[in-house]
Amino acid sequence: MLSSAPPASGFLHKPVLSERRLRSEAVRVTDLSRVLQLLQDPLSASLKERQIFILKKVVKRCQRGYLLRDLADIFKIMNLCAERESDHPEYARILCDLLQICGLPFLKEKSSDEMKYASVVTDCVSQMGFLMRIPLPEVRHHICSSVSAFYSRDKHQHSSDGVCSTRADYRALMLERSGVSETLVMSLALTEEQLPVKLCLLQTLQILSRTSEVNCKLMLRAQAAQKICFHMSEGDPSGELLFRSSEILWNLLENGSRQEVTSQLSSSDCIASLKDGFLHLLLKGFRHHERQLRNDLLVLLSLIAENPGAPLIESGFLKHLTPFLTFPELKSHNPLVRNLKLSFNQEDFEMKKLLLNIMVVLSRDLSALQLFREGRVMLALMLLVKPNSSAERSGRHRRRWTSSQQEELQLQALSTLSSLAPLMLEEYMTCQANTCLLLLLDCCLQHDSSSGWGHGFYGSGGRGGRKAQLRYCVRVLRSVTCVEHEPLRQDLCDQGAIGQLLGVLRWFLGRPQDEDAVALEIQTDCLLLLSVLCEGDVHRKELFGRDGVEVLIQYLSLDAALVFSGLGHNKLLLSSIDCLWSCVVGCLGLEDVFVERRGVHLMLQLLQRSPRHMLSPLVSTLLELCENPQAVTHLLHWSGERDTSASQLLLHIWRREEESMGVSRDPHGMITDVKRPIVSRHQESSSSSSSHDVSAAVRDVSENLRANIYCIFCKLGFEGLSGLSAEDHVTLSIIHRYLDFKVGEVVHEVLSELLNEGVSPVASDEAALKSVLQVTEATAESVHLLQQSILGRQQQEELQEEQLLYKEILFTQKQREIASEAWRSYVARTSNYSVLKEFKRLQEEQSASEPYAPSDTETPESPNTLSDQ
């Protein structure tokens with residue numbers, strides 16, 4: 001049967017060949033298409049030995065790597081071998097040899113081959129990934145090794161026959177375009193019973209995800225994070241499975257989408273797997289790399305906890321984690337921590353910081369707070385925060401954290417408290433946290449000579465002192481005080497917090513050389529604390545007292561130019577104004593002290609120099625102070641830069657406000673629209689369309705300073721204000737009728753809303769509304785006429801001043817001409833004798849005609865005498 005079959009190819013003309021003939025034909029194997037024809041021809045299907053012999057020769061010929069032009073045929077051969085490996089194991093060995101060569105760089109004959117065969121290379125590399133379907137461990141090992149070799153940076157020299165290796169970046173690019181990383185992720189499910197293969201595959205995925213964002217994106221598309229995490233805690237005595245899986249997850253986080261990774265890891269199975277791995281390493285891991293891996297898993301769990309939908313509580317993770325949150329500060333009989341020992345080394349220190357961090361992340365879930373209460377987390381935090389005695393700090397009795405580590409943990413515990421304490425106020429009060437924090441506050445001021453280490457994120461600005469502890473201590477007090485919890489505020493006041501905070505402010509005022517961003521933040525928080533504690537309570541304002549006013553005076557003396565320094569002076573100044581509002585205004589005794597200490601003058605100076613966004617609190621506070629008659633007197637007598645009075649300053653602010661709002665005014669500041677004299681352009685564009693919207697006219701009162709300025713002028717009066725120009729009087733006439741204009745504006749809006757909604761008022765109401773509008777319009781017209789008269793008087797005064805000035809100029813010019821003529825006459829008399837004789841004769845004739853002659857002897861005339869004559 002074989003003898004009658006036609007030849008399979010040009011060089012295979014007999015079904016059975018001698019050994020010498022086989023060798024000669026193998027040497028002539030230069031075209032892989034003939035090898036493919038031998039493997040695919042049905043007539044040569046039974047010639048297995050012959051095919052194996054030819055394939056071995058192909059492997060031998062390609063030992064240096066595959067030419068780019070041969071790749072398509074090589075991978076066809078691989079696929080044919082893969083189809084036959086189940087029946088003939090010899091093909092599997094050939095396939096392994098061919099795959100092993102794929103680990104070598106592909107070869108190019110021309111520089112253009114890389115671009116020419118790019119699509120072929122991409123398709124072939126993709127096919128190599130699909131060969132993972134073959135269940136043989138050897139084949140899968142070679143596939144993983146070859147794929148990993150694509151990122152090898154080994155340099156290959158040029159061959160003597162002109163063939164050279166492709167570039168490393170080209171190989172990496174082709175690998176990314178092939179999508180083989182996605183295929184390898186999907187093949188993880190095929191390696192469940194082959195642990196060595198799975199480890200090799202994970203190592204390959206680790207290499208692929210280490211530097212390539214494209215590979216990470218493809219892997220995440222195949223749900224790599226979820227699939228890898230789900231099996232990472234399976235039995236592996238070497239621990240390599242857990243390590244490789246953790247490294248891949250970290251690579252995906254760094255080079256892929258963090259949101260996508262955490263979303264895939266937020267399933268109950270993944271969290272349970274991470275939890276098991278973490279607990280195993282925590283309880284049984286004693287080597288250095290195991291502790292590092294334990295911390296890496298804890299970071300992954302912290303990132304998952306940031307996802308609001310992560311079932312951390314449902315999976316039991318938080319319940320198992322809670323005993324470790326309070327270890328070693330609290331003793332527990334929980335089996336998980338009963339025999340747990342810490343070495344207090346760097347890895348344990350990092351784990352403790354991560355546990356403190358995960359508390360803050362988990363506190364966003366209110367259901368987690370109940371577990372924190374049961375686990376006495378607040379007490380453990382207070383033990384970390386509590387100032388230790390020198391004996392405890394020495395650590396002679398047992399192993400403890402080092403001084404720098406203890407300081408860093410204390411600072412992070414304070415930062416954690418600032419997030420947890422407002423959510424756990426009952427536990428906060430039970431632990432007497434106010435007392436502990438005030439003691440720490442006092443300790444920071446008394447022991448400034450003891451140097452801080454200033455290590456870590458939280459130790460910024462604290463090296464060489466206790467400024468970092470002071471910063472976070474005040475921040476915790478601020479966070480709990482801002483919660484509406486009166487017993488907590490009363491407890492702080494009863495323990496002398498107001499006086500202690502004033503002491504902190506005086507301490508910083510006495511050290512201007514130490515001013516930096518941290519110092520300004522502490523002072524700002526202290527002022528805010530005082531504002532919250534004293535607001536609305538006269539007794540606490542009295543506790544604030546004269547000392548507090550003196551401190552405020554110093555802060556209000558701040559140069560307004562420092563607002564733009566970038567260090568935080570703007571926040572400090574705003575906090576000072578807020579503290580003045582809350583701690584001084586409303587207590588007559590403190591108001592008098594503030595006014596006596598020239599506080600109103602400082603406020604007006606700030607008002608004159610501050611930027612626009614600082615004016616609102618300043619004007620509002622000045623308005624409140626105007627309830628005090630002494631403050632009004634100081635306002636009327638104040639004189640600022642360029643002899644500016646308080647009324648001039650307020651009128652200038654009014655004009656700037658209207659200019660920024662787009663109120664219609666002519667170049668002289670006069671009313672141009674008598675129907676809507678104070679309506680701004682922004683107000684017209686955002687006018688309410690229905691009765692359910694907030695009225696634009698009412699909203700306007702709180703959105704700008706005009707209402708406050710009007711109220712201040714109601715205290716100062718609209719008459720008898722000295723130093724005002726005509727422009728100021730024009731503006732003042734508008735302010736005087738501001739309330740009337742505002743009433744008309746509101747009535748106009750009411751009519752507009754009724755019209756828009758198709759509602760007609762009854763006749764009496766409609767007449768009343770229209771009457772109000774008419775009165776408003778008449779008032780605007782009268783104000784307009786008044787403004788015209790003011791400008792007219794100004795023009796007349798300017799004309800009179802101009803005429804007077806012109807007369808003075810004429811008189812001065814005439815005097816100059818008389819003086820010039822007298823000088824010329826004097827010069828002529830002294831230089832010409834005949835002129836002098838003639839002048840003498842005329843003088844004698846004039847003297848003779850007069851009834852009385854002068855008694856004194858005449859003296860030579862001077863230029864001044866000639867000028868008088």
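All of these numbers come straight from a predicted model, not from anything done at the bench.

Conventions and cut-offs
- Residues numbered from 1 in each chain as written.
- Predicted model: local features only at pLDDT ≥ 70, side-chain atom pairs only at ≥ 80, totals over all residues.
- Heavy atoms only, no water.
- Helix = DSSP H or I, 4+ residues; strand = E, 2+ residues; numbered from the N terminus.
- Buried < 20%, exposed > 50% of the residue type's maximum accessible area, 1.4 Å probe, protein only.
- Contact = heavy atoms within 4.5 Å.
- Areas by Shrake-Rupley, 256 points an atom, 1.4 Å probe, with all protein chains shown as cover.
- 1 Å grid on protein atoms, 1.4 Å probe; cavity = no way out; pocket = protein on both sides within 12 Å on 5 of 7 lines; lining within 4 Å.
- Points joined across faces, edges and corners; volume = space filled by probe spheres on them.
- Nonpolar A, V, L, I, M, F, W, Y, C, P; charged D, E, K, R; others polar.
- Axes fitted to C-alpha atoms, helices over the stretch in contact; angles between N-to-C directions.
- Parallel < 35°, antiparallel > 145°, perpendicular 65-115°, else oblique.
- Left-handed = near helix turned anticlockwise from the far one by under 90°.
- Expected span 1.5 Å × (residues − 1).
- Phe/Tyr/Trp six-rings, centres within 6.5 Å; stacked < 30°, edge-to-face > 60°.
- Salt bridge = Lys/Arg side-chain N within 4 Å of Asp/Glu carboxyl O.
- pLDDT = per-residue confidence, 0-100.
- Core = buried A, V, L, I, M, F, W, Y, C linked by side-chain atoms within 4.5 Å.
- Polar contact = N/O pair within 3.5 Å; in protein donor to acceptor, adjacent residues only side chain to side chain.
- Arc of directions from axis to C-beta.
- Patch = residues over 30% accessible without salt bridge, like charges linked within 9 Å, V, L, I, M, F, W, Y side chains within 5 Å.
- Lys, Arg positive; Asp, Glu negative; His and termini not counted.
- Charge placed at Lys NZ, Arg CZ, Asp CG, Glu CD.
- Disulfide = S-S within 2.5 Å.

A. Seen up close, the overall build of the protein. Within the protein one finds 45 helices and two strands. In the protein, which comprises 869 residues, the proportion classed as buried is 48%. Long-range pairs, those at least 24 residues apart, make up 75% of the contacts in the protein with a sequence separation of at least 6. For the protein, the exposed surface amounts to about 44,100 Å²; the carbon and sulfur share of it is 52%.

B. Spatial organisation of empty space enclosed by the protein. One pass over the structure, following the stated rule, counts four cavities of 30 Å³ or more. Its boundaries defined by the atoms lining it, the second largest cavity holds a volume of some 60 Å³. Of all the secondary-structure elements, those providing two or more residues to the lining of the second largest cavity are helix 11 (195–211), helix 13 (224–230) and helix 14 (240–255). Considering only residue class, the lining of the second largest cavity consists of four nonpolar, two polar and three charged.

C. Quick look at the packing of helix 20 (residues 346–362) against helix 22 (residues 377–385). Viewed as axis vectors pointing N to C, helix 20 and helix 22 meet at an angle of 130°, and their least axial separation amounts to 13 Å. The orientation of helix 20 relative to helix 22 falls into the category oblique. Where helix 20 crosses over helix 22, the two elements pack in a sense that is left-handed. Across from K352, L356 and M359 in helix 20, the residues of helix 22 making contact are V377, L381 and L384. Among the residues making up the contact of helix 20 with helix 22, the classes are represented as five nonpolar, no polar and one charged.

D. How the structure looks around helix 42 (residues 738–756). Here helix 42 contains 19 residues, and its C-alpha end-to-end distance of 27 Å stays within 8% of the 27 Å for a straight helix at 1.5 Å per residue. Where helix 42 is concerned, the buried positions are Y738, F741, K742, G744, E745, V747, E749 and E753. Along its buried surface, helix 42 packs onto helix 37 (646–661), helix 38 (681–685), helix 39 (696–703), helix 40 (706–716), helix 41 (726–736) and helix 43 (763–831). Phi for G758, located one or two positions after helix 42, is positive at around 70°.

E. Spatial organisation of the packing of aromatic side chains. A full pass over the atoms with the stated rule returns nine aromatic pairs. Ring plane angle 90° and centroid distance 4.9 Å describe the contact between W507 and F508, whose orientation is recorded as edge-to-face. Side by side, W507 and F508 carry an identical accessibility label, which is buried.

F. Quick look at the pattern of salt bridges. Using the criterion set out here, one finds 41 salt bridges in the structure. For R167, the salt bridge identified is with E114, shortest N-O distance 2.8 Å. Within this pair, whereas R167 is found in the loop between strand 2 (164–165) and helix 9 (168–178), its partner E114 is found in helix 6 (residues 113–116), the two being separated by 53 residues in sequence. Taking the relative accessible area as the measure of exposure, R167 reaches 42% and is therefore partly exposed.

G. Summary view of the confidence of the model for the protein. Summarising the model, the protein shows a mean pLDDT of 86, and 89% of its residues fall at 70 or more. Counting interchain partners and residues more than four positions distant, the pLDDT-below-50 stretch residues 1–30 has 36 contacts. For residues 393–397, every residue scores under 50 in pLDDT, and the model assigns this stretch two contacts once sequence neighbours within four places are set aside.

H. Broad picture of the nonpolar core. Of all hydrophobic cores here, the largest spans 239 residues; its most connected members are Y66, M78, L205, F544 and L607. M78 has contacts with Y66, L95, L98, L99, C102 and L131, leaving out every residue within four places of it along the chain. In this structure, M670, A726, V730 and L791 belong to the second largest nonpolar core, which totals five residues.

I. Molecular detail of the environment of R841. Tracing the backbone shows R841 in helix 44 (residues 833–849). Overall, the relative accessible area of 36% leaves R841 in the partly exposed class. Side-chain polar atoms of R841 contact the side chain of E845, separated by 2.5 Å.

J. Just helix 21 (residues 366–374), in detail. Of all the positions in helix 21, only A368, L369, L371 and F372 are classed as buried. Seen end-on, helix 21 carries its buried residues on one side only, within an arc spanning 160°. In helix 21, those exposed residues whose orientation departs by more than 90 degrees from the buried face are L366 and E374. Elements in contact with the buried residues of helix 21: helix 18 (317–325), helix 20, helix 22 and helix 24 (403–420). A positive phi of about 55° marks R376, the residue just after helix 21.

K. Quick peek at a negative patch on the surface. A grouping of E797, E798, E801 and E802 is seen on the molecular surface, where their side chains present a negatively charged patch. Tracing the chain through its elements places E797 in helix 43.

L. Quick look at the environment of E745. With respect to the secondary-structure elements, E745 resides in helix 42. Exposure remark for E745: the relative accessible area of 3% places this residue in the buried category. Here the alpha-carbon distance between E745 and L773, two residues 28 residues apart in the chain, equals 8.3 Å.

M. Representation of the packing of helix 27 (residues 467–481) against helix 28 (residues 486–494). Put simply, helix 27 and helix 28 touch, their axes get as near as 9 Å, and they point 140° apart. Of the possible angle classes, the one that applies to helix 27 and helix 28 is oblique. For the pair helix 27 and helix 28, contact is made by L477, V480 and T481 and by L488, R489 and L492, respectively. For the contact of helix 27 with helix 28, the per-class residue count stands at four nonpolar, one polar and one charged.

N. The side chain of Q405, seen in detail. If you trace the backbone, Q405 turns up in helix 24. Take Q405: its relative accessible area is 9%, and that puts it in the buried class.

O. Spotlight on the state of the cysteines. The final tally for this structure, using the stated rule, is zero disulfides. Free cysteine: C444, not disulfide-bonded; nearest cysteine sulfur from C473 at 6.2 Å. Left unpaired, C583 is separated from the closest cysteine sulfur, that of C579, by 3.5 Å.

P. Broad picture of unusual backbone geometry. Omega for the bond connecting F327 with P328 falls within 30 degrees of zero, at 5°, which places this linkage in the cis form. Along the chain, P328 turns up in the loop between helix 18 and helix 19 (335–338). Even without a glycine there, the phi angle at Q223 is positive, about 60°. For Q223, the location among the structural elements is in the loop between helix 12 (213–221) and helix 13. Within the chain, Q432 stands out as a residue other than glycine whose phi angle is a positive 50°. Mapped onto the secondary structure, Q432 falls in the loop between helix 25 (425–430) and helix 26 (433–446). Exposure remark for Q432: the relative accessible area of 55% places this residue in the exposed category.

Q. Region of interest: the side chain of K352. You can see K352 is positioned in helix 20. A residue is classified by how much of its surface remains accessible, and K352, at 2% relative accessible area, is buried. Engagement of the side chain of K352 in a polar contact is seen with the backbone oxygen of F327, the distance being 2.9 Å. Discounting residues that sit within four places of it in the chain, K352 has contacts with F324, L325, T326, F327, P328, E329, L384, W401 and L409.

R. Quick look at the environment of Q127. Examined against the element boundaries, Q127 turns out to sit in helix 7 (residues 118–130). Residue Q127 is classed as partly exposed on the basis of its relative accessible area of 21%. With 52 residues separating them along the chain, Q127 and F75 place their C-alpha atoms 7.6 Å apart. Once residues within four sequence positions are removed from consideration, Q127 is found in contact with F75 and N79.

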